[in-house]
Amino acid sequence: MALFEHPEFDNHEHVSFYHDKDAGLKAIIAVHNTNLGPALGGCRMWPYANSEEALTDVLRLSKGMTYKAAMAEVPLGGGKSVIIGNPRADKSMNMMKAMGRFVDTFGGAYYTAEDSGISVQDLQYMAEESQYIAGTQAKYHVRGEVADGNPAPSTAYGTFVGLKAAVESKLKSDLQGVRVAIQGVGHVGLRLARHLHEAGAELVVSDIFPENVEQAEKQFNAKVVSPDQILSADVDVVAPCAMGAIINEKTLAEMKARVIAGAANNQLSEERIGKLCQQAGILYAPDYVLNAGGIIDIHHQRMESSDDALRSHIEKIGDTLTAIFNRSDREQQATNIVANNMAEERFSK
Ligand code: NAD
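Calculation criteria
- Residues numbered from 1 in each chain as written.
- Predicted model: local features only at pLDDT ≥ 70, side-chain atom pairs only at ≥ 80, totals over all residues.
- Heavy atoms only, no water.
- Helix = DSSP H or I, 4+ residues; strand = E, 2+ residues; numbered from the N terminus.
- Rg over C-alpha atoms; globule rule 2.2 N^0.38 Å.
- Buried < 20%, exposed > 50% of the residue type's maximum accessible area, 1.4 Å probe, protein only.
- Areas by Shrake-Rupley, 256 points an atom, 1.4 Å probe, with all protein chains shown as cover.
- Lys, Arg positive; Asp, Glu negative; His and termini not counted.
- Charge placed at Lys NZ, Arg CZ, Asp CG, Glu CD.
- Near = heavy atom within 4 Å.
- Nonpolar A, V, L, I, M, F, W, Y, C, P; charged D, E, K, R; others polar.
- Pairing = 2+ DSSP bridges.
- Axes fitted to C-alpha atoms, helices over the stretch in contact; angles between N-to-C directions.
- Contact = heavy atoms within 4.5 Å.
- UniProt positions renumbered as here; feature names shortened; annotations may be inferred.

Enquirer: Hey, could you run me through the overall build of the protein chain in this one?
Expert: Helix and strand content of the protein chain: twelve helices and eleven strands. The globule rule puts the C-alpha radius of gyration for 349 residues at 20 Å, and the 20 Å found for the protein chain is close to it. Its C-alpha atoms give the protein chain principal-axis dimensions of roughly 55 × 45 × 40 Å. In the protein chain, which comprises 349 residues, the share counted as buried stands at 56%. On the protein chain, roughly 15000 Å² of surface is accessible, and the fraction owed to carbon and sulfur atoms is 47%. Measuring between centres, the 33 positive side-chain charges of the protein chain sit 2 Å from its 45 negative side-chain charges.

The following block contains the structure:
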């Protein structure tokens, strides 16, 4: 498995493999770019079929973090780590401590945080071995939420701010009476539903777990539809908050919404789908710009800050998106391409 010839290799600065036999840890850390500051990116634990799959994931995800940090206006670069294993069956305290020691070998060039399969408790074990573990203790609160280290409240608020900016840009309206379909009402989606309900939006929701939609139905008067109907619902906005790759030629052809603005990562099945959105007159708010509230939260956890400073930083997501939409109109480029170009202008030396 050659690294420099790997299709996902993109001038990554540092890629390191680590094995701790006693702790049962096999992990990879990739630092993509540190021009703007030390690399930050969550640690993902996943039952990868082999190390090739894990390497592909860590190379791709660490690059994504460089773009996200640049657009979030935080002095951070992009990195990511992956642990090969099943988080339900293979995880142990010793493994997490060993992961902490691995992160520590980067001497502060890489900070880790939460991602799929890793909890705040796991990070606290890692933090016993390294000072370069972020997101263990949220200090500041968005809109009165008591945070516990999980950045979902900040992600949801950033998504709300971004969705509002997209609606203003495309529909020339505020959120009063605007119909929004939320795919997935989990940590982020349910909080987004609350913000939207408070702003006067009408909600349609879907989730594969009935207890999640029940909350949205009861608390926010949301209409519930089945998972296969949510993307084609008769609404103004679709907010994907469940999983990636859901915007493709088929779902786009059936979409009635004029705006796509949600928190899920990697919503477009392929980069060229961004152009198809533009041609269909659907405004796509680039996901990594919209869902950056989490990284902004973690940045504020690492310094002396305040609730107000965190909130105003998250609110900049709206301005950044408006700048992307305006440039997309001027240059007749898809919004996802404009966002990538703007990020590269910021982090390239
Ligand atoms: P979550 O697991 O709490 O919520 C996801 C919800 O989607 C769950 O309730 C799940 O049942 C539901 N779901 C799964 N498949 C579905 C389907 N086919 N149709 C409808 N619903 C479905 O996750 P989360 O933390 O709320 O994150 C949501 C998305 O936002 C993910 O893509 C995540 O990567 C992204 N994101 C989250 C954060 C964060 O701070 N939590 C930050 C950045 C990006």
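Enquirer: Even after reading the chapter, I still don't get the site of the ligand, so can you show me in this structure?
Expert: Taken together, 21 residues are adjacent to the ligand, and Thr 155, His 187, Val 188, Asp 207 and Asn 212 come closest. Those elements that place two or more of their residues in the shell around the ligand are α4 (152-171) and α5 (187-198). When its residues are assigned to classes, the shell around the ligand shows eleven nonpolar, nine polar and one charged.

Enquirer: Explain the sheet that holds strand β3 (residues 39-46) to me, please; I cannot follow it from the model alone.
Expert: Sheet strands associate in pairs through backbone hydrogen bonding, adopting either a parallel or an antiparallel arrangement. Pairing is mixed in the open sheet, where five strands are placed in the order β1-β2-β4-β3-β5. The outermost strands of the open sheet, each flanked by one partner alone, are β1 (14-20) and β5 (110-114). When strand polarity is set aside, the average angle formed by the axes of neighbouring strands in this sheet is 25°. Here five bridges tie β3 to β5, and the two strands are oriented parallel to one another. If you follow Cys 43 over to β5, its bridge partner there is Glu 114. Strand contacts of helix α3 (residues 120-127): β3 and β5, with the helix running at about 150° to β5, the strand carrying the most contacts.

Enquirer: Any chance you could explain the UniProt feature "binding site: NAD(+)" (unreviewed entry) in the protein chain here in plain terms?
Expert: Within this numbering scheme, the UniProt entry marks Gly 184, Val 185, Gly 186, His 187, Val 188 and Gly 189 as carrying the feature "binding site: NAD(+)" (unreviewed entry). Here Gly 186 lies in the loop between β6 (179-183) and α5. Excluding residues within four positions of it along the chain, Gly 186 makes contact with Asp 207 and Asn 212. Beyond its immediate stretch of four places on either side in the chain, Gly 189 contacts Ile 182, Gly 184 and Cys 241.

Enquirer: I keep staring at the environment of Val 31 and nothing clicks. Help me out?
Expert: Looking at the secondary structure, you find Val 31 in strand β2 (residues 25-33). Along the sequence, Val 31 and Lys 80 sit 49 residues apart, while their C-alpha atoms lie 6.7 Å from each other. Not counting residues up to four positions away in its chain, the partners in contact with Val 31 are His 12, Glu 13, His 14, Ala 39, Gly 78, Gly 79, Phe 106, Ala 109 and Tyr 110.

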